Structure formats: structure tokens, C-alpha cells
Amino acid sequence: MDGLDEESGTGRTGIAHLLPARPRDGLRIIVSSRPHRPRPEAISRDLTHPLCDPRVVRELTRSPDAAQRESEVADVINGHADLRAWAEDWRSRDWPEDTPEYLLGRYFALLESLGDVDGVLHHATSTARHDRMYELTGSDTAALAEVATAQRILLEQPDPSVETLFSLAVHRLDLAGRSADVPPGLVAVWARLGYAARARGPATGLSDPRARITALAAALRHTAADADAQRLRADAEAAVPDIADPRARMHAECELGRALAARGDFDGAEEVAAALHPDRRTDVLVEVIRAAWARGDRDRARAASTAVTQPKRHHRRAARPRPGRWSAPRRSCWASR
């Protein structure tokens with residue numbers, strides 16, 4: 001069945017509820033959808049339905065033939081003024097609830113490729129349009145990217161408008177402030193329900209790198225798909241160098257390592273732990289022991305337990321011949337739990 005993401009029915013008026021939750025022997029159902037779209041309302045409340053299980057998702061690679069055809073279609077569209085008139089009609093109505101999704105996403109990239117500076121600026125400064133995008137995706141990430149693109153294009157002009165630059169800067173601060181209001185707990189809930197993209201968007205939009213890592217780690221703990229988890233981990237690791245305070249930076253790395261361990265990515269957790277101070281390394285390895293034991297991986301739990309005890313004994317023996325050496329007390333990252 002193609003185009004599940006275009007399911008518009010609510011309750012039991014759509015087609016999604018007709019799909020069997022438990023297919024009979026020999027029956028296989030293939031459903032296609034655009035990535036990271038909310039599930040139809042008909043099944044979203046039934047968390048036991050197969051379509052609510054992130055493990056059934058198989059991401060398809062981009063087809064070269066499809067890319068070529070898309071380019072050809074774009075060339076055709078570029079030769080017609082109808083598209084712009086169509087988009088202008090929706091803009092003049094202040095982007096109502098039934099605005100086509102194309103105008104809230106890829107149309108902006110088309111305006112950029114055409115060099116339509118006025119069109120880019122109109123779309124990038126529209127609060128109503130960005131509100132509609134937030135309702136659709138649960139994130140301001142795309143809106144912030146549009147603002148950044150508009151600022152870059154405007155600065156490339158021979159005589160950029162200071163007033164427009166100011167408007168873009170104010171709009172960007174408003175969007176960033178809205179992202180800052182998203183609590184990490186809500187991000188974790190989105191991840192647990194299978195909305196990894198919705199979880200990642202507001203988390204990466206947080207301006208404070210420490211808060212960003214906390215939110216990404218919360219989502220990482222509950223993300224089932226490996227590809228989504230890899231993106232969340234990459235985002236968190238990219239934010240680590242932005243933390244100026246060394247102790248806060250190590251604390252954030254510890255939080256990331258423990259999230260990887262809780263998810264069951266023991267190799268990833270031990271990679272993070274290897275770069276930490278022995279005290280913080282122990283916090284991550286203890287989480288590996290707990291999670292591995294709960295999953296029945298006794299060998300991994302024993303290996304992590306050995307790694308916890310042996311380095312500490314070595315560290316203490318090395319420290320004894322140096323009395324008088326003062327070291328500041330280290331706060332364990334357990335306090336953040």
C-alpha cells in the first residue's frame with residue numbers, strides 16, 4: 001500500500017484501520033510512507049499495532065532515476081508562472097491549516113535555487129508559515145535553517161537591507177526561544193512513541209549545548225531504530241566541544257555514555273567511557289553492567305565489572321607516593337538522575 005502518510009481520515013473513516021494488526025500465516029503487507037510522518041489517527045492509539053513498532057521501518061535509499069526525474073519535473077515547473085501564483089495564493093491567506101505540505105518544505109529550496117531573493121525573504125520571515133511547519137513536524141529546525149539561508153543570501157546582496165536583517169535576527173531569536181521551552185522529558189516521550197524526527201528537531205534546536213545533550217541523551221535512551229540513534233549520538237557528540245567548562249563537558253559526555261548503555265549500545269558506551277576520567281568512566285561502566293545484566297548478557301556485564309575495579313586499584317596505587325597533592329572533589333553524574 002503506497003502513500004500511508006497521505007491518510008487524511010480520522011477515527012475509522014480512513015484506510016489504515018483496514019490493515020490487519022495480526023496478518024495471517026503467509027500474508028505480508030508492505031506499506032510505504034514519506035520519512036518521519038505521524039501515524040494515521042486510526043492506529044496511533046493502538047501501540048500494539050505493527051505500524052507503531054519502529055523496528056518494522058526500512059529506510060529506502062534515494063533512486064538515481066527518481067532524482068533525475070525530479071530534476072526534469074523541476075525544470076518543467078520552473079518554466080511556468082502557475083506555481084508561483086498558486087503559492088502566492090496560500091501566502092495571501094496567511095498559510096491556513098490546509099496549506100499543502102510542499103509549500104511548507106521543498107518549495108523554499110526551489111525559491112533559493114531560482115535566485116528569488118524576495119520570495120526567500122517573504123517565506124523565511126513568515127511567523128504564520130513557520131508556526132504551520134512546527135505543527136507539521138514538531139520542530140523549528142527547518143524554520144531556523146530557512147532563516148539562516150535567508151540571512152546568508154541577503155548578506156550576499158550588494159546593498160543588503162539592515163531592516164530585513166534585523167527582522168530575521170529577531171525572528172530567529174523567537175524560534176530559538178520556543179525550542180528552549182521544550183523539556184527533555186517531552187523529547188523522550190516522542191522518541192519512545194517512535195517519533196525520532198520529532199524528538200531530534202527540538203533537541204538540536206536548543207541553544208545551550210548542555211541542555212541540547214541532555215535532551216538528545218533522553219531521546220537516545222528510548223529510540224529503537226539504529227539509524228535514528230546514530231543521528232542522535234552524532235548530534236550530541238557535535239555539541240560537546242561547545243561546552244566551555246571542562247567539568248560540565250565531561251559531565252555531558254558521561255550522560256551520553258550512560259544513555260548509550262541504557263539503550264543497549266554497549267560498544268558505543270565503552271567508546272565514550274574510554275575518553276573519560278576514571279571516576280566518570282566508572283559511572284558509564286556501571287550503567288553498562290546494569291543494562292547488560294538486565295538483558296541477560298552476563299559476559300558483557302562481567303567484563304565491564306572487571307574494567308571498573310582494575311583501573312581504580314591501579315589509579316589509587318599510582319596516587320599514594322604523592323602525598324600533599326590536592327585534587328578538587330569530583331561530583332558524580334549520578335546526581336543528574
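Keep in mind the model is a prediction, meaning the values are calculated, not measured.

Enquirer: I tried to follow the overall build of the protein on my own but got confused; where do I start?
Expert: Broken down by element type, the protein carries 16 helices and zero strands. Looking at the protein as a whole, 35% of its 337 residues qualify as buried. As displayed, the protein has an accessible area near 20000 Å², and 53% of this comes from carbon and sulfur atoms.

Enquirer: What's the story with the pattern of salt bridges in this structure? I'm lost.
Expert: Pairing between side chains becomes possible if they bear opposite charge and their charged atoms approach one another. Counted under the stated rule, the structure contains 18 salt bridges. The partner of Arg290 in a salt bridge is Glu287, and the shortest N-O contact between them spans 2.8 Å. Taken as a pair, Arg290 and Glu287 lie in helix H15 (residues 278-294) at a separation of three residues, close to a single helical turn. For Glu287, a relative accessible area of 7% puts it in the buried group. Residues Arg302 and Asp299 are paired through a salt bridge, measuring 3.7 Å at the closest nitrogen-oxygen approach. Here Arg302 pairs with Asp299, and both are found in helix H16 (residues 298-319), just three residues apart, close to one helical turn. Among the residues examined, Asp299 registers a relative accessible area of 61% and is labelled exposed. Overlapping salt bridges bring together Glu59, Asp228 and Arg231 as one network.

Enquirer: Is there a simple way to think about the side chain of Arg233 in this case?
Expert: Structurally, Arg233 is set in helix H12 (residues 226-239). A distance of 2.9 Å separates polar atoms of two side chains, one belonging to Arg233 and the other to Glu271. Sequence-distant contacts of Arg233, that is, excluding residues within four places in its chain, are made with Leu260, Asp265, Gly268, Glu271 and Val272.

Enquirer: When you look at the packing of helix H13 (residues 246-263) against helix H14 (residues 266-274) in this model, what are you seeing that I'm missing?
Expert: Describing two packed helices takes the angle between their axes plus the distance from one axis to the other. Where H13 meets H14, the axes come as close as 7 Å, and the angle between the chain directions of the two elements is 160 degrees. Of the possible angle classes, the one that applies to H13 and H14 is roughly antiparallel. Judged by the sense of rotation from one axis to the other, the crossing of H13 with H14 is left-handed. Note on element contacts: H14 touches H13 through Phe266, Gly268, Ala269 and Val272, opposite Glu253, Leu256, Gly257, Leu260 and Ala261. A breakdown of the residues in the contact of H13 with H14 according to their chemical character gives six nonpolar, two polar and one charged.

Enquirer: Quick question: what am I supposed to make of a nonpolar patch on the surface here?
Expert: A cluster of nonpolar side chains, contributed by Leu186, Val189 and Leu193, occupies part of the molecular surface with about 210 Å² of accessible area. Position of Leu193 among the secondary structure elements: in the loop between helix H9 (184-192) and helix H10 (196-204). Under the relative-accessibility criterion, Leu193 is labelled partly exposed at 31%.

Enquirer: Can you walk me through helix H6 (residues 127-137) in this structure?
Expert: Every α-helical turn comprises 3.6 residues, leaving residues that sit three or four positions apart pointing alike. Those residues of H6 that fall on the buried side of the exposure criterion are Ala128, Arg129, His130, Arg132 and Met133. Downstream of H6 by a residue or two, Gly138 has a phi angle that is positive, lying close to 75 degrees.

Enquirer: In this structure, what is going on with the environment of Ala176? I would like to understand it.
Expert: Along the chain, the position of Ala176 falls in helix H8 (residues 162-180). Sequence separation between Ala176 and Thr141 is 35 residues, and the spatial gap between their C-alpha atoms is 9.1 Å.

Enquirer: So what exactly am I meant to see when it comes to the packing of aromatic side chains here?
Expert: Centre distance and the angle of the planes are the two values used to describe a pair of aromatic rings. Summed over the entire model, instances satisfying the criterion amount to one aromatic pair. Aromatic pair Tyr102 and Tyr107: ring centres 6.0 Å apart, planes at 55 degrees, arrangement tilted. On the basis of relative accessible area, Tyr102 is assigned to the partly exposed category, the value being 26%. Residue placement shows Arg298 over the ring face of Trp293; its charged tip is 4.0 Å from the ring centre.

Enquirer: I keep staring at the confidence of the model for the protein and nothing clicks. Help me out?
Expert: Here the protein averages 79 in pLDDT, while 78% of its residues score no lower than 70. Within the protein, helix H5 (residues 117-124) carries the highest mean pLDDT (92), whereas helix H1 (residues 41-44) carries the lowest (65). Across residues 8-12, where pLDDT falls below 50, the model places five contacts with residues more than four positions away in sequence or in other chains. Segment residues 313-332 is flagged for pLDDT under 50; beyond a separation of four residues in sequence, or across chains, it makes seven contacts in the model.

Rules behind the numbers
- Sequence order as written defines residue numbering, which begins from 1 separately in each chain.
- The predicted origin of the model limits local features to residues at a pLDDT of at least 70 and limits the giving and counting of side-chain atom pairs to 80 or more, whereas totals for whole chains, interfaces and linings rest on all residues.
- With hydrogens and water stripped out, all remaining heavy atoms of the structure feed into the side-chain values.
- Each helix is a run of H or I in the DSSP string that is no shorter than four residues. Each strand is a run of E no shorter than two, and both are numbered from the N terminus.
- Partly exposed residues are those whose accessible area sits between 20% and 50% of the maximum for their type, while under 20% is buried and over 50% is exposed, using a 1.4 Å probe and protein chains only.
- Per-residue and other accessible areas were derived by the Shrake-Rupley procedure at a 1.4 Å probe size, with only the shown protein chains allowed to occlude residues.
- Any carboxyl oxygen of Asp or Glu that lies within 4 Å of a side-chain nitrogen of Lys or Arg is treated as forming a salt bridge with it.
- Nitrogen and oxygen atoms within 3.5 Å of one another constitute a polar contact, given that in protein one can donate a hydrogen and the other can accept it, and given that sequence-neighbouring residues count only through two side-chain atoms.
- Whether two residues are in contact is decided by their heavy atoms, any of which lying within 4.5 Å being enough.
- For every element, the axis is a line fit to its C-alpha atoms; helices are fit only across the contacting stretch, and the angle between N-to-C directions ranges from 0 to 180 degrees.
- Orientation is classified from the angle alone, with under 35 degrees giving roughly parallel, over 145 giving roughly antiparallel, 65 to 115 giving roughly perpendicular, and any other angle giving oblique.
- Take the far helix as your reference; a near helix turned counterclockwise from it by less than a right angle gives a left-handed crossing, and one turned clockwise gives a right-handed crossing.
- Charged residues are taken to be Asp, Glu, Lys and Arg, nonpolar residues to be Ala, Val, Leu, Ile, Met, Phe, Trp, Tyr, Cys and Pro, and polar residues to be all remaining types, Gly included.
- Patch construction takes residues with relative accessible area above 30% that form no salt bridge. Like charges are linked within 9 Å, and nonpolar side chains (Val, Leu, Ile, Met, Phe, Trp, Tyr) are linked within 5 Å.
- When two rings of Phe, Tyr or Trp (its six-membered ring) have centres within 6.5 Å they constitute a pair, described as stacked for plane angles under 30 degrees, edge-to-face for angles over 60, and tilted for the intermediate range.
- Two limits define a charge over a ring: the Lys NZ or Arg CZ must be within 6 Å of the ring centre, and within 35 degrees of the ring normal.
- Per-residue confidence from the prediction method is given by pLDDT, with values spanning 0 to 100.

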